[in-house]
Amino acid sequence: MSGDGTVGKALDVLDQVAAYGQPVRFATLLAESDFPKATLYRFLQTLTNQGMLEYDPDRQTYALGVRLVRLAHAAWTQSSLAPIARPFLDQLSAETGQTVHLAQLDNAQVLYVDKRNAAQPVEMFSDAGKVGPAYCTGVGKAMLAFLPEEHLERVIAQQSFHRFTDHTYTTREALCAELAAIRTRGYAFDREEHEPGIICIAHPILTGTGRVLGAMSITGSLQATDFTQLESWAPRLARTAHTIAQEAQAWRFPDTHLQHTGT
């Protein structure tokens, strides 16, 4: 539960509704809520009155409201790399024929903010708007490797180290050794660490002072590509990441004296 007073508690309720991914009844929310019945109902009413939630009286369900859609669109436009990176993702995907991802850090997780499907699409977890683990994805490790030490320690402390596949890093020590190798190499791989049969090469998007803005990856299945081919695209991926960083700094993400605050 949030420790940020009334607003934080209301946002907890909003998160709870959003987590279902579909309209949800009051009784269902109450069964999993830390709030008393009257408190939960009051928060739901307030959020509904403010347009953050919508209530369907026929089905007696709550769902995310239109106001959230407007806010999400504004956030995507103002804070996301996606509008800046769009033409560069298009070009990279067309050149490689593979899936291209764009991601940013959302606290200690990876938020996929854009995606271009391969010429022959392969089903995989990542879609724009989805949140994934940082410790076992190419884009996640590419960002973690270049965080300032203090920030990195906080983020690593929040990783679950759940074993998704036989290749998943499941300890802090193993992850830190991998991040050191990524810093030396300049880019990261996903070696079937999150999804069986899915591999990628990922590169961080860094400002001129080394601040992490995000990361991008070229992703494919083992049936469609291999690590030799992925690594052959490393120079092209690096140039694209550098171009996006330059465009982002010129437009929206200038460096300041807080150059190592992460994303």
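Each remark here, short or long, concerns the structure printed above.
Before going into details, it helps to say that this report is about the structure given with it. (Residues numbered from 1 in each chain as written. Predicted model: local features only at pLDDT ≥ 70, side-chain atom pairs only at ≥ 80, totals over all residues. Heavy atoms only, no water.)

**Quick look at the overall build of the protein chain**
For the protein chain, the count of helices and strands is ten helices and nine strands. Taking all 263 residues of the protein chain together, the buried fraction comes to 47%. Counting only contacts in the protein chain whose residues sit at least 6 apart along the sequence, the fraction spanning at least 24 positions is 57%. For the protein chain, the exposed area adds up to about 13400 Å²; of that, 52% sits on carbon and sulfur atoms. (Helix = DSSP H or I, 4+ residues; strand = E, 2+ residues; numbered from the N terminus. Buried < 20%, exposed > 50% of the residue type's maximum accessible area, 1.4 Å probe, protein only. Contact = heavy atoms within 4.5 Å. Areas by Shrake-Rupley, 256 points an atom, 1.4 Å probe, with all protein chains shown as cover.)

**Description of the packing of aromatic side chains**
Summed over the entire model, instances satisfying the criterion amount to six aromatic pairs. With centroids separated by 6.1 Å and ring planes inclined at 80°, the aromatic side chains of F26 and Y41 adopt a geometry described as edge-to-face. Highlighted residues: F26 in helix α2 (residues 26-32) and Y41 in helix α3 (residues 37-49), separated in sequence by 15 residues. For the pair F189 and F227, a centre-to-centre distance of 5.7 Å together with 90° between the ring planes defines the contact as edge-to-face. On the criterion of sequence distance, the pair formed by F189 in strand β7 (residues 188-191) and F227 in helix α9 (residues 227-232) is long-range, its members being 38 residues apart. For F189, a relative accessible area of 6% gives the class buried. (Phe/Tyr/Trp six-rings, centres within 6.5 Å; stacked < 30°, edge-to-face > 60°.)

**Some remarks on the environment of S80**
Relative to the helices and strands, S80 is located in the loop between α4 (66-79) and α5 (82-96). Here S80 falls in the buried class, since its relative accessible area comes to 4%.

**Points about the sheet that holds strand β9 (residues 212-221)**
Taking strand neighbours across the sheet as the criterion, the six strands line up as β6-β5-β4-β9-β8-β7 in an open arrangement whose pairing is antiparallel. Each edge of the sheet is formed by a strand with only one pairing partner; in this case those strands are β6 (131-133) and β7. Each strand axis lies, on average, 35° off the axis of its neighbour in the sheet, ignoring direction. Both strand β4 (residues 99-106) and β9 contribute to a ladder of five bridges, which runs antiparallel. Looking at β9, one finds that T99 is bridged to T219. (Pairing = 2+ DSSP bridges. Axes fitted to C-alpha atoms, helices over the stretch in contact; angles between N-to-C directions.)

**A few points about the nonpolar core**
With 26 residues, the main nonpolar core has V110, V139, M143, L144, L147, L175 and L179 as its most contacted residues. At the level of elements, β4, β5 (109-116), α6 (138-144), α7 (149-157), α8 (172-185), β8 (198-206) and β9 are the ones that each hand at least two residues to this core. The element contributing the most residues to this core is α6, with four residues. Those residues within four positions of L175 in sequence are excluded, and the remaining contacts are Y135, K141, L144, I156, F161 and Y169. Membership of the second largest hydrophobic core comes to 25 residues, among which are L81, I205, W233 and A241. (Core = buried A, V, L, I, M, F, W, Y, C linked by side-chain atoms within 4.5 Å.)

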